[in-house]
Amino acid sequence: MPPLLQRILSRRTLRTVTVLSATVTGLYLVDTHKNAKAFQRTARTAWNGILVGYDYKFNFTPGKANQINELHQRVADRILHVCQTNGGLYIKLGQGIATNSSVLPPCYLTTLRALYDDASSVDYSIVEKIIQKELGKEIHEVFSSFSREPVAAASIAQVHKATLLDGTEVAVKVQKPEIQVQIEWDLIAYRLLIKAYEYIFDLPMSFAVDYTIRHLREETDFINEAKNSELCNEYLQTDPQLRHQVYVPKIFKDCSTKQVMVAEWVDGCRATDKAALKEMNLSTKKVMESVVDVFAHQIFISGFVHCDPHPGNILVRKHPSDPRKHQLLLLDHGLYMRESEAFRKQYCLFWKSLFLLDKTTIQEICTLWGVGDSQMLANATLLKPYNANRSPSITPTTNTSVLDAYEIQMKLKTTLKDFLINSELLPKELIFIGRNMTIVRANNKTLGSPVNRINRMARWAVVGLGHDPNFWTSNIPTDHLLSSSSSSSSKHTSTLTRQQPLSFWRWVSMSLQTSFNYWIFEAALALMSAAYHFAQAKSYFEKVVLGRKSDGFEAVLDDALKQRLEAEYGIKVEGDLFDA
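Residues numbered from 1 in each chain as written. Predicted model: local features only at pLDDT ≥ 70, side-chain atom pairs only at ≥ 80, totals over all residues. Heavy atoms only, no water.

Taking an unreviewed UniProt entry as the reference, the chain is identified by name as ABC1 atypical kinase-like domain-containing protein belonging to Linnemannia exigua. Per UniProt, the chain has the following entry under Sequence similarities (unreviewed entry): "Belongs to the protein kinase superfamily. ADCK protein kinase family." (UniProt positions renumbered as here; feature names shortened; annotations may be inferred.)

Below, the discussion takes up a nonpolar patch on the surface. There is a patch of nonpolar side chains on the surface, built from Tyr540, Phe541, Val544, Val545 and Leu546 and spanning about 520 Å² of accessible area. Looking at the secondary structure, you find Tyr540 in helix H23 (residues 504-544). Using a relative accessible area of 55% as the deciding quantity, one classes Tyr540 as exposed. (Patch = residues over 30% accessible without salt bridge, like charges linked within 9 Å, V, L, I, M, F, W, Y side chains within 5 Å. Areas by Shrake-Rupley, 256 points an atom, 1.4 Å probe, with all protein chains shown as cover. Salt bridge = Lys/Arg side-chain N within 4 Å of Asp/Glu carboxyl O. Helix = DSSP H or I, 4+ residues; strand = E, 2+ residues; numbered from the N terminus. Buried < 20%, exposed > 50% of the residue type's maximum accessible area, 1.4 Å probe, protein only.)

Taken in spatial order, the four strands make up an open sheet running E5-E10-E9-E7, and their pairing is mixed. Looking at the sheet topology across the chains shown, the edges are occupied by strand E5 (246-247) and strand E7 (269-270). Judged from the five bridges that link them, strand E9 (residues 314-318) and strand E10 (residues 326-330) form a sheet pairing that is antiparallel. Residue pairing across strands places Arg317 opposite Gln327, the latter belonging to E10. (Pairing = 2+ DSSP bridges.)

Before going further, it helps to examine the nonpolar core. Ranked by size, the top nonpolar core spans 78 residues in total, and within it Phe300, Tyr347, Trp351, Phe355 and Trp369 carry the most contacts. Val122, Tyr124, Leu135 and Val262 belong to the second-largest nonpolar core, a separate cluster that totals 19 residues. (Core = buried A, V, L, I, M, F, W, Y, C linked by side-chain atoms within 4.5 Å.)

Considering all chains together, one arrives at 21 salt bridges under this definition. A salt bridge links Asp55 to Arg74, with the shortest nitrogen-to-oxygen separation between them at 2.9 Å. Within this pair, whereas Asp55 is found in helix H3 (residues 38-59), its partner Arg74 is found in helix H4 (residues 68-86), the two being separated by 19 residues in sequence. For Asp55, a relative accessible area of 8% translates into the label buried. Look at Arg74 and you get partly exposed, because its relative accessible area is 36%. Its salt-bridge partner being Arg217, residue Glu184 comes within 2.8 Å of it at the nearest N-O pair. Taken together, the residues span a long stretch of sequence, with Glu184 in helix H9 (residues 179-201) and Arg217 in helix H10 (residues 209-219) at a distance of 33 residues. What makes Arg217 partly exposed here is its relative accessible area of 36%. It is possible to trace a salt-bridge network through shared partners that takes in Lys285, Glu289, Asp293 and Arg456.

Looking now at the packing of aromatic side chains. Considering all chains together, one arrives at 17 aromatic pairs under this definition. Centroid distance Phe350 to Trp369: 5.7 Å. Interplanar angle 45°. Geometry classified as tilted. In this pair, Phe350 is assigned in helix H15 (residues 341-356) and Trp369 in the loop between helix H16 (359-368) and helix H17 (374-382), connecting sequence segments 19 residues apart. Taking the relative accessible area as the measure of exposure, Phe350 reaches 0% and is therefore buried. Residue class for Trp369 comes out buried when judged on its relative accessible area of 1%. Put simply, the rings of Phe300, Phe343, Tyr347, Phe350, Trp351 and Trp369 touch in pairs and so form one group of aromatic residues. Between Arg317 and the ring centre of Tyr247, over which it is positioned, the NZ or CZ distance is 5.0 Å. (Phe/Tyr/Trp six-rings, centres within 6.5 Å; stacked < 30°, edge-to-face > 60°. Lys NZ or Arg CZ within 6 Å of the ring centre and 35° of its normal.)

So this is what it looks like as structure tokens:
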């Protein structure tokens with residue numbers, strides 16, 4: 001036997017290999033059965049993160065410009081594989097990328113949409129053990145009936161239909177057992193990957209990591225979800241219309257814990273199920289008006305915003321008091337975002353200023369938020385092209401220069417860095433507001449755009465500013481609204497109360513200016529309304545006469561925004577990039 005082979009097969013070497021194999025096998029078994037595969041998931045993430053970083057570092061070059069689209073697809077496929085294999089919070093993180101992927105190549109959105117499919121569920125025997133552990137009772141001691149199969153399953157929990165001992169039908173939300181073990185590992189991996197990619201791509205990416213992680217942690221706490229549900233209902237009760245149009249199912253606190261939540265069972269169809277709404281003789285227009293109104297009220301009035309308004313979380317039923325009317329059923333209150341009062345007023349003013357073409361106020365707000373490109377922010381806010389030199393319209397430019405893939409990506413990178421000149425100043429609320437509005441827009445589009453979403457939200461923004469006539473003059477108290485300090489706000493308010501009465505001519509001047517700006521605002525909404533009705537009429541003609549598929553006004557806005565992206569940034573968008 002050759003000497004080299006003898007050394008390889010020596011007792012010492014074999015003993016070392018045996019010990020290492022046993023150690024690795026033991027660690028694998030412990031991690032699999034006692035640690036919910038947390039280490040394996042993190043290792044998988046780290047390895048694929050290294051591959052993605054390597055792929056981009058060495059293949060994203062001018063010399064390989066014709067292969068960049070294939071590079072993006074490879075990376076998107078790799079991210080999808082990691083998210084689907086790891087499951088749990090990775091599904092949420094992947095969905096977040098898909099929902100907010102307007103700054104990424106289109107293949108990311110189209111590929112990661114697969115994460116919205118129904119998630120896997122855990123066995124009934126495991127559900128029984130979780131309920132016994134959390135509630136301290138056997139399942140039959142709490143419920144007279146309990147469905148063995150879940151009626152719905154998501155990334156972190158699943159829902160079973162059950163009946164309490166008093167006969168009350170309930171929905172029982174049970175958190176998957178591995179989530180509490182995996183969450184810290186997953187969030188550490190998420191933080192490290194974002195930091196690494198920020199370094200590799202030289203883009204501000206980590207500024208919102210802590211904010212996002214805090215909200216993801218809150219989403220896995222069902223006690224927090226129960227509190228969100230109650231607070232959401234309290235705010236809805238303050239509006240005379242929404243208190244009747246929207247219903248939040250009751251939470252049974254005595255049967256709920258951090259990992260199990262019992263809520264009132266409600267029946268209804270999805271808000272985007274046009275056939276079911278027609279069968280109930282309910283108006284899709286009225287339903288979508290309520291959908292837009294409830295989330296606009298949250299964004300502009302209460303400042304307490306539901307961040308996951310996808311169709312599965314918005315059901316519709318006939319109103320219990322009047323079957324001719326509808327009632328929304330708002331579900332899944334795990335992910336909420338609380339706006340600061342300063343930001344809420346700033347955001348209301350920003351929306352109003354967009355329609356008044358008030359470039360000065362728009363720029364002041366953008367500067368306060370650390371944003372260098374106010375027009376790009378306006379595009380992202382309205383989810384339509386915006387031109388600060390004329391009233392909001394939907395006519396895009398089409399003078400597109402032809403750039404190769406590498407030049408397009410580098411131009412977009414430069415644009416993003418110019419857009420976000422100070423990431424520390426950017427209100428983190430914009431992240432989840434953008435998610436909310438994108439999903440609501442997609443819901444409206446699914447129903448054929450029965451509602452002029454932009455006009456409706458603009459009116460809610462004005463309501464959010466209150467009744468102060470100063471908001472309609474050039475003397476808008478921007479020092480008050482643009483201050484993030486509550487002490488500054490209090491100081492300004494007390495200063496206003498000490499002001500001397502206005503002179504007669506000053507009062508006349510302000511009254512005229514208020515009226516003039518108000519009618520400019522109304523004229524802008526009227527122009528948008530005319531464009532909306534024209535687009536809807538065209539859509540109806542195409543469907544009824546030509547037999548073509550048409551999604552109405554939202555689809556027109558999508559096309560206009562795509563052309564704007566191509567004209568200004570050289571980005572050619574294929575498919576429904578802006579759909580959630």
